[in-house]
Amino acid sequence: MEQKHDVQQHTFDIHRLREISWKLSRAIIQSTTKAGSGHPSSSLSAVDVLTVLYFGDVMRYKPQEPHWPDRDRFILSKGHAAPGLYVTLAEAGYFDPALLSTLRQFGSPLEGHPVYGRTPGVEASTGSLGQGLSIGLGHALSAKVDGRDYRVYVMIGDGESDQGQIWEAAMSAAKYRVDNLTTILDLNGYQQTGPVSKVMPALMPVVQKWQAFGWDVQEIDGHDLAQIHTAFRQAAEVRGRPQILIAHTDKGKFLSPFTKDEKVRKHGVPLNEEEAQTALAELDDRYHAQEGA
Amino acid sequence: MLFKNSTGLAPGKATRDAFGAALREIGAERQEIIVIDGDVGNSTRTEYFAKEYPDRFFNLGIAESNMISVASGFASSGKIALVSSFAVFLLDNAYDQIRMGVAFPNLNVKLVGSHSGISIGEDGPSQMAIEDIALATALPNMVVIVPADESSTRAATRAMIDHPGPVYLRTGRPAVPVIYPDGSASFEIGKANRLREGANLTIIACGIMVAAALEAAHQLSQEGIEARVLDMHTIKPLDIAAVEAAARETGAIVTAEEHLLEGGLGAAVARAVAENFPVPIAFVGIKDRYAQSGPPETLLEAYGLTPDAIHQAALEVLERRSANEPQSGHPHQ
């Protein structure tokens, strides 16, 4: 495809992706601990999918031109994972990474939940759950009307799937055979007050639900960068149907300060300084073990 | 005719019909208009557009929340996204989606709610939007328009499309009298139309109540009371200058709307009057209750939305004004 030099479209490099994922995970913990509030565990479950989307030869975008009409769109429907989105957008070049230390402060463009028009690269105001998939569908249909070839990616949560609007969007996307729309379900297993299996057990079987709604469904390990990449490639080949990746993830990315409270996985609670140091050390060890450094 | 009509207003079309015709017309000129329907296009009249431009029309089924958010996506990709349903379902059902996806991001989404007020008649209170103006005006960035007749609705539809941002346009089901003959309505968002001059008080009305206001003014005139009549088609942003002038120059105000008294035209006018030039105000509208099924004319009578109700309110507000006046002070002119 012929593109201008400033279009960001990365080649798939597993080593680079591991490094970025490590860096973004660290930044999620650092920024939320500094802010003293926020949702690090919900961001960490999403971070590997975000890494592949933005840096793994999946999305095309121009950080210097956030409203470029032919950009691929990403909408974080589970808006509470905003720290995960912000660290990704900063890494992608949408704004100065130094801003990450202003997360949630008065006057900062990095609000508690994503705000359209406030932060470059944020495609929709989210934080009231259930709405991002419909917004993504609007973008995807708009591409069809205009004959543009951009793709739309929407990340939803498993707790968020309690919302009826998710299923309204699912039906209508299938009706219009919208194949430039890929949803990622961040299936981290927990919502605010407990495991999804207790709060809303009937979300399962979720694969069959999305299949029944007429979507192309792939079930993946949401922390396996290569697998995530392959899934996005396959999704892009699907014609006549929207696609969803059911990404099995861990709320807190298996870091001990999050996993020790099995009941709620620290939903909406940042790590204190000591816990943050523990989590960062675990991330460092894990990265160095992977890369044999 | 919905109301007693001594002034010879000609019978006209329903505002929903006028909207549908105008949208079809504008659709030819503005390729960026996308219309989203909640499976009621034959009621809201977006079907006129659908027949001409099927590629830009999306029936998303009976799912208002999804419709609004899809419109938000279209608008953030550069479209003018128009969503239409019954006003009550559009505003009440999808309020959070409107807040998050339209008003807050200040996107170019147009909301057109038909079947507003109690004049829909027999379908009953579940279908009647009587709190929609309050809901819509409460949203920052939202323009709220309530046109009175065919000509003004056509002009309002065009103004809505030309306005870069969120707009709520309220249309109605029944045929309404012609206020502006031969397509003569001038329409500017936020600028009231003065339909009648009078020195003793001002009646400020919107929607179907404009016709009732003109009839009431006629009745008052026969008693020697001359009322100014304003068609306050835009509730937000309110024409504060016109309200202040009415207060200053006529000294008493009656508002009339087919909506709850909470958060509607009367509430907006009262705030403008209180802030700028306090004078007595009387309010004609629905008084803190839901209506019921019945013929439109019967309902308007039963819930006090008639020329006679405006007439009575005018006499009452004039009485209140003279009671308030200091004995030695200057009477209002």
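What you see is a predicted model, and the numbers here were worked out from it, not measured in a lab. (Residues numbered from 1 in each chain as written. Chains lettered and ligands numbered in written order. Predicted model: local features only at pLDDT ≥ 70, side-chain atom pairs only at ≥ 80, totals over all residues.)

### Details of the overall build of chain A
In terms of helices and strands, chain A carries 11 helices and seven strands. Taking 19 Å as the expected radius of gyration for a compact globule of 293 residues, we find that chain A reaches 18 Å, a close match to that expectation. Sequence-distant contacts in chain A: of pairs separated by 6 or more residues, those separated by 24 or more amount to 76%. (Helix = DSSP H or I, 4+ residues; strand = E, 2+ residues; numbered from the N terminus. Rg over C-alpha atoms; globule rule 2.2 N^0.38 Å. Contact = placed C-beta atoms within 7 Å.)

### Remarks on helix 3 (residues 47-55) of chain A
Residues and elements named next belong to chain A. Within helix 3, nine of the nine residues are buried, which leaves the element mostly enclosed by the surrounding structure. For helix 3, the complete set of buried residues consists of Val47, Asp48, Val49, Leu50, Thr51, Val52, Leu53, Tyr54 and Phe55. Just beyond helix 3, the residue with positive phi is Asp57, at close to 65°. (Buried ≥ 20, exposed ≤ 12 C-beta atoms within 10 Å, placed from the backbone.)

### Describing the interface of chain A and chain B
Counting residues at the interface gives 22 residues for chain A, matched by 25 residues for chain B. If you list the elements that add at least two residues to the side of chain A that touches chain B, you get helix 5 (132-146) and helix 6 (164-175) of chain A. The element that contributes the greatest number of residues to the side of chain A that touches chain B is helix 5 of chain A, accounting for nine residues. When grouped by side-chain class, the residues that make up the side of chain A that touches chain B number nine nonpolar, 11 polar and two charged. (Nonpolar A, V, L, I, M, F, W, Y, C, P; charged D, E, K, R; others polar.)

### Some thoughts on the sheet that holds strand 6 (residues 216-221) of chain A
Residues and elements named next belong to chain A. If you walk across this open sheet you meet the five strands as 1-2-3-7-6, and the pairing is parallel. Since the sheet does not close on itself, it has two edges, and those belong to strand 1 (73-76) and strand 6, each with one partner. Adjacent strand axes in the sheet meet at a mean angle of 20° when their direction is disregarded. Bridge count between strand 2 (residues 152-157) and strand 3 (residues 181-187): six bridges; the pairing is parallel. Each bridged residue has a counterpart across the sheet, and for Met155 the counterpart in strand 3 is Ile184. Contacts from helix 5 reach strand 1, strand 2 and strand 3 within the one sheet, and its direction differs from that of strand 2 by about 170°. (Pairing = 2+ DSSP bridges. Axes fitted to C-alpha atoms, helices over the stretch in contact; angles between N-to-C directions.)

### What to know about the packing of helix 4 (residues 64-76) of chain B against helix 6 (residues 95-103) of chain B
Residue and element names in this part refer to chain B. In the contact formed by helix 4 and helix 6, the axes pass within 9 Å of each other and the chain directions differ by 5°. By the angle between their directions, the pair helix 4 and helix 6 is classed as roughly parallel. The segment helix 4 lies against helix 6, with Ser65, Ile68, Ser69 and Ser72 engaging Gln97, Ile98, Gly101 and Val102. Each residue belonging to the contact of helix 4 with helix 6 can be placed in one class, and the counts come to three nonpolar, five polar and no charged. (Parallel < 35°, antiparallel > 145°, perpendicular 65-115°, else oblique.)

### Points about the domain arrangement of chain B
Residue and element names in this part refer to chain B. The domains assigned to chain B are domain 1 (15-170) and domain 2 (193-321). Of note, the centres of domain 1 and domain 2, computed from C-alpha atoms alone, are 26 Å apart. Domain 1 puts 24 residues into the contact, and the matching count from domain 2 is 30 residues. Counting only elements with at least two residues in the side of domain 1 that touches domain 2, the list comes to helix 7 (132-137), strand 5 (143-145) and helix 8 (150-162). Partitioning the side of domain 1 that touches domain 2 into residue classes produces 15 nonpolar, six polar and three charged. (Domains from an automatic or database assignment.)

### Description of unusual backbone geometry
Going from Met204 of chain A to Pro205 of chain A, the amide bond is cis rather than trans, its omega being 0°. Mapped onto the elements, Pro205 of chain A comes out in the loop between helix 7 (196-199) and helix 8 (206-212). With an omega of 0°, the peptide bond running from Lys236 of chain B to Pro237 of chain B counts as cis. Relative to the elements of secondary structure, Pro237 of chain B occurs in the loop between strand 10 (234-236) and helix 10 (240-250). Phi is positive for Arg45 of chain B, close to 80°, though the residue is something other than glycine. Tracing the sequence through the fold places Arg45 of chain B in the loop between helix 2 (41-44) and helix 3 (47-52). Arg45 of chain B gets classed as buried once you count the C-beta atoms within 10 Å, which come to 25. Positive phi, close to 55°, is recorded for His115 of chain B, a residue that is not glycine. Here His115 of chain B lies in the loop between strand 4 (109-114) and helix 7.

### Focus on the sheet that holds strand 3 (residues 80-86) of chain B
Residues and elements named next belong to chain B. What the seven strands build is an open sheet, ordered 2-1-3-4-6-5-10; its pairing is mixed. Only two strands of the sheet have a single partner each, and these edge strands are strand 2 (57-59) and strand 10. Strand-to-strand twist in this sheet, taken as the mean axis angle between neighbours without regard to direction, amounts to 20°.

### A closer look at the confidence of the model for chain A
Predicted confidence across chain A gives a mean pLDDT of 95, with 98% of residues reaching 70 or more. For the stretch residues 1-5 of chain A, pLDDT sits under 50, and the model shows zero contacts to residues farther than four places along the chain or on other chains. (pLDDT = per-residue confidence, 0-100.)

### Comments concerning the pairing of strand 2 of chain A
Residue and element names in this part refer to chain A. Of all six residues making up strand 2, six are buried, and the element is well covered by its neighbours. Across the two faces of strand 2 the burial is the same, with Val152, Val154 and Ile156 and Tyr153, Met155 and Gly157 all buried. One ladder, built from four bridges, connects strand 1 with strand 2; its direction is parallel. Residue Leu76 lies in a different strand from strand 2, and its bridge partner there is Met155. Remark: the strand 2/helix 6/strand 3 crossover connection has right-handed handedness. (Right-handed = clockwise from strand over helix to strand, strands pointing away.)

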